[in-house]
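Next come the chains, spelled out residue by residue.
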Amino acid sequence: NSSRGKLARFWPRRGAKCRKSSTSAILPWDSAGNYTARRSPASGLGTGETDVGVGISAYKGAGRTSLLIDAVYWRYGDPEGVDFEDALSYSVGVARMVGTGKWSAMASLSGFTSAFEGLSVPVQLNVGVLSLVGRSQSLAISAGFGLTDSAGDFSIGTSWRIFR
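Cut-off values and rules
Residues numbered from 1 in each chain as written. Predicted model: local features only at pLDDT ≥ 70, side-chain atom pairs only at ≥ 80, totals over all residues. Heavy atoms only, no water. Phe/Tyr/Trp six-rings, centres within 6.5 Å; stacked < 30°, edge-to-face > 60°. Buried < 20%, exposed > 50% of the residue type's maximum accessible area, 1.4 Å probe, protein only. Helix = DSSP H or I, 4+ residues; strand = E, 2+ residues; numbered from the N terminus. Pairing = 2+ DSSP bridges. Patch = residues over 30% accessible without salt bridge, like charges linked within 9 Å, V, L, I, M, F, W, Y side chains within 5 Å. Areas by Shrake-Rupley, 256 points an atom, 1.4 Å probe, with all protein chains shown as cover. Salt bridge = Lys/Arg side-chain N within 4 Å of Asp/Glu carboxyl O. Lys, Arg positive; Asp, Glu negative; His and termini not counted. Charge placed at Lys NZ, Arg CZ, Asp CG, Glu CD. Contact = heavy atoms within 4.5 Å. pLDDT = per-residue confidence, 0-100.

A. Layout of the packing of aromatic side chains. Taken as a whole, this structure holds 2 aromatic pairs when the rule is applied. Their ring planes at 55° and their centres at 5.4 Å tell us that F145 and F154 sit as a pair that is tilted.

Have a look at this one:
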């Protein structure tokens, strides 16, 4: 099903520029890959210094349901006077196509190891819906709910993706 194949391309990359390479030939997933990510200070995201990450993503479909995983090891830049610990970010989610396959409902659990010694680990539950728009676009809306004291209480997000 081409809709299921496109679902793997929607998984968030946390605002970083990514370079992907495929490892699906050696893993039992429908789609799997590794990537490097870099956030520059000019992006307005991250620590204000250059942050670099190396990660893996994988997608496995079973009928109308898909499992998605993502993990990134982040080496944070340290601005003057701050000493960030390197961190591991992760996300594990499930998506289910509904109706004709144009719509999907998604849920995921995501978090980071703490970048500061003594700070609790932030963990968030995310839920959302996604719609395919034509053959090369998707539109999604999601809400996140913090499960730990160091996670934000609530977030809302949208994305509009154009893919080849």
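The discussion continues.
B. Region of interest: the pairing of strand β4 (residues 65–75). Here β4 shows one buried face, formed by S66, L68, D70, V72 and W74, and one open face, formed by T65, L67, I69, A71, Y73 and R75. The sheet contact formed by strand β3 (residues 51–62) and β4 spans 11 bridges and is antiparallel. The partner of G53 across the bridge, within β4, is W74. Connecting the antiparallel pair β3 and β4 is a turn made up of 2 residues, with G63 showing a positive phi of about 65°.

C. Quick peek at a nonpolar patch on the surface. On the surface, a nonpolar cluster with roughly 980 Å² of combined accessible area is contributed by V98, W103, L109, L125, V127, V129, I141, F145, L147, F154 and I156. At the level of secondary structure, the elements contributing two or more residues to the nonpolar patch comprise β6 (103–112), β7 (123–133), β8 (137–146) and β9 (154–162). For the nonpolar patch, the element with the highest residue contribution is β7, accounting for 3 residues. According to the relative accessible area criterion, L109 is partly exposed, its value standing at 37%.

D. Expanded view of the pattern of salt bridges. Under the defined criterion, the tally for this structure stands at 1 salt bridge. Between D86 and R75 there is a salt bridge whose closest N-O contact spans 2.9 Å. Of this pair, D86 sits in the loop between β4 and β5 (87–98) while R75 sits in strand β4, and the two are 11 residues apart along the sequence. The class for D86 is partly exposed, based on a relative accessible area of 24%.

E. Layout of the pairing of β5. Burial of the side chains of β5 is restricted to one face: A87, S89, S91, G93, A95 and M97 are buried, whereas none of L88, Y90, V92, V94, R96 and V98 on the reverse face is. As paired strands, β4 and β5 are joined by 10 bridges and run antiparallel to one another. Directly across from T65, in β5, lies its bridge partner R96. What sits between the antiparallel neighbours β5 and β6 is a turn of 4 residues, in which G99 has the positive phi angle 60°.

F. Examining a negative patch on the surface more closely. A cluster of like negative charges, contributed by E49, D78, D83, E85 and E117, occupies part of the molecular surface. Relative to the helices and strands, E49 resides in the loop between β2 (31–39) and β3.

G. Representation of the environment of F154. You can see F154 is positioned in strand β9. The sequence separation of F154 and L125 amounts to 29 residues, and the corresponding C-alpha distance is 9.6 Å. Every residue in contact with F154, bar those within four places of it in the chain, is listed here: A143, G144 and F145.

H. How the structure looks around the confidence of the model for the chain. Put simply, the chain has an average pLDDT of 77, and 76% of its residues get 70 or more. Long-range and interchain partners of residues 1–27, a stretch whose pLDDT sits below 50, account for 80 contacts in this model, where long-range means more than four residues apart.

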